[in-house]
Amino acid sequence: MVAITAAMVKELREKTDAPMMECKKALTEAQGDMARAEEILRVKLGNKATKAAARITADGVVAIHIDEATGVGAIVELNSETDFVAKNPEFVAFANEVAKLVATQKPANVEAIATLTLNGTTVEEVRKALIGKIGENISIRRFQVIEAQGKLSTYVHGGSKIGVLVDVVGGNEEVAHDVAMHIAAAKPKALSAEGIDPALIEKERTVAIEKARENGKPEAMLERIAEGTVQKFLKEVTLLSQPFVKDDKKSVGELLKANGATVSTFALFVVGEGMEKRSNDFAAEVAAQAAAARQ
């Protein structure tokens, strides 16, 4: 039998917000398999066990740049250890410069960004110099480049913690802005059902069947119940099917159709998704910055 450690219980609790004893029971039943334990908790506790999935757990900013000459846009997540540094003007300026470089140079991956030229040197050298000056680790986590088929629209929220870049074909600027704002609020996983990972859909189906079975539903009804659950899930996580945040009587797809518009693609970045945030208090952050400045 796999030994269930306190660290494993703590990790599962942080992921799901489930009670500690429930976490231990789920891990025991799953023989230490963290993913399986999450599924077990979802069956027993419902959606309460999934709310940590979108929790912001690290600091930094999302920066966006659109090259109007080429119609190419880039969205970049730049991470810091604390929110104190994320608000530093030099840190924010660096994020914006990187986003501009990515939009104009279209690097192949994050590693390639480091070699791009910035202010007469490389991005990596600028990053290292900023780390030395600020006294905190800084990293470029991810980026996405979108070449517009229509018109690129952006929306940044929460002190640059959430950023959206969306390509809207047709319509007008107001519709494009409304769609970008909706994405930031509703956080869709994909444009439509075709963009959802089949493994994720199958996981929803499996959880629904197990939950229905545990609730005593007849075997003959399980597949129908699961299909209903999957369709509800897809409606909640796909942009075109989501109720529009400014008027939930219509879907985003209906909003677009009424305005002669479509969405080609979109990118949504939430700072720190899936990352562990360093625990620190504001006074300690200030002291660290002061110490770095004296060196």
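Each chain has its residues counted from 1, running along the sequence as written. Only residues with pLDDT of 70 or above have their local features reported here, since the model is predicted, and side-chain atom pairs are shown and tallied only from 80 upward, although totals for entire chains, interfaces and linings are computed over all residues. For the side-chain quantities, the full set of heavy atoms in the structure was used; hydrogens and water were omitted.

What to know about the sheet that holds strand β6 (residues 151-157)
For the record, the criterion: Paired strands are those between which DSSP finds at least two bridges. Runs of H or I in DSSP of at least four residues are treated as helices and runs of E of at least two as strands, each being numbered from the N terminus. Structural elements are reduced to axes, namely lines fitted to C-alpha atoms, with helices fitted over the stretch in contact, and the angle between N-to-C directions of any two is expressed from 0 to 180 degrees.
Spatial strand order, β6-β7-β10: three strands in an open sheet with antiparallel pairing. Looking along the sheet, the strands with just one partner apiece sit at the ends: β6 and β10 (261-270). Sheet twist, expressed as the mean angle between neighbouring strand axes with direction ignored, is 15°. Judged from the seven bridges that link them, β6 and strand β7 (residues 162-170) form a sheet pairing that is antiparallel. From the neighbouring strand, K151 faces β7, where its bridge partner is V168.

Quick word on the pattern of salt bridges
It is possible for side chains of opposite charge to pair when their charged atoms get near one another. Worth spelling out the cut-off: Any carboxyl oxygen of Asp or Glu within 4 Å of a side-chain nitrogen of Lys or Arg constitutes a salt bridge here. Partly exposed residues are those whose accessible area sits between 20% and 50% of the maximum for their type, while under 20% is buried and over 50% is exposed, using a 1.4 Å probe and protein chains only.
Scanning all chains against the criterion turns up 17 salt bridges. Note that D83 and K161 form a salt bridge whose closest N and O atoms lie 2.9 Å from each other. Note that D83 is positioned in helix α4 (residues 83-86) and K161 in the loop between β6 and β7, a separation of 78 residues in sequence. Taking the relative accessible area as the measure of exposure, K161 reaches 13% and is therefore buried. Between K250 and D247 there is a salt bridge; the shortest N-O distance is 3.9 Å.

A few points about the sheet that holds strand β5 (residues 138-147)
What the three strands build is an open sheet, ordered β1-β2-β5; its pairing is antiparallel. Each edge of the sheet is formed by a strand with only one pairing partner; in this case those strands are β1 (59-67) and β5. Between one strand axis and the next, the sheet turns by 15° as a mean value, whatever way the strands run. Direction of pairing for strand β2 (residues 72-80) relative to β5: antiparallel, over a ladder of nine bridges. Its bridge partner being in β5, E77 is matched across the sheet by R142.

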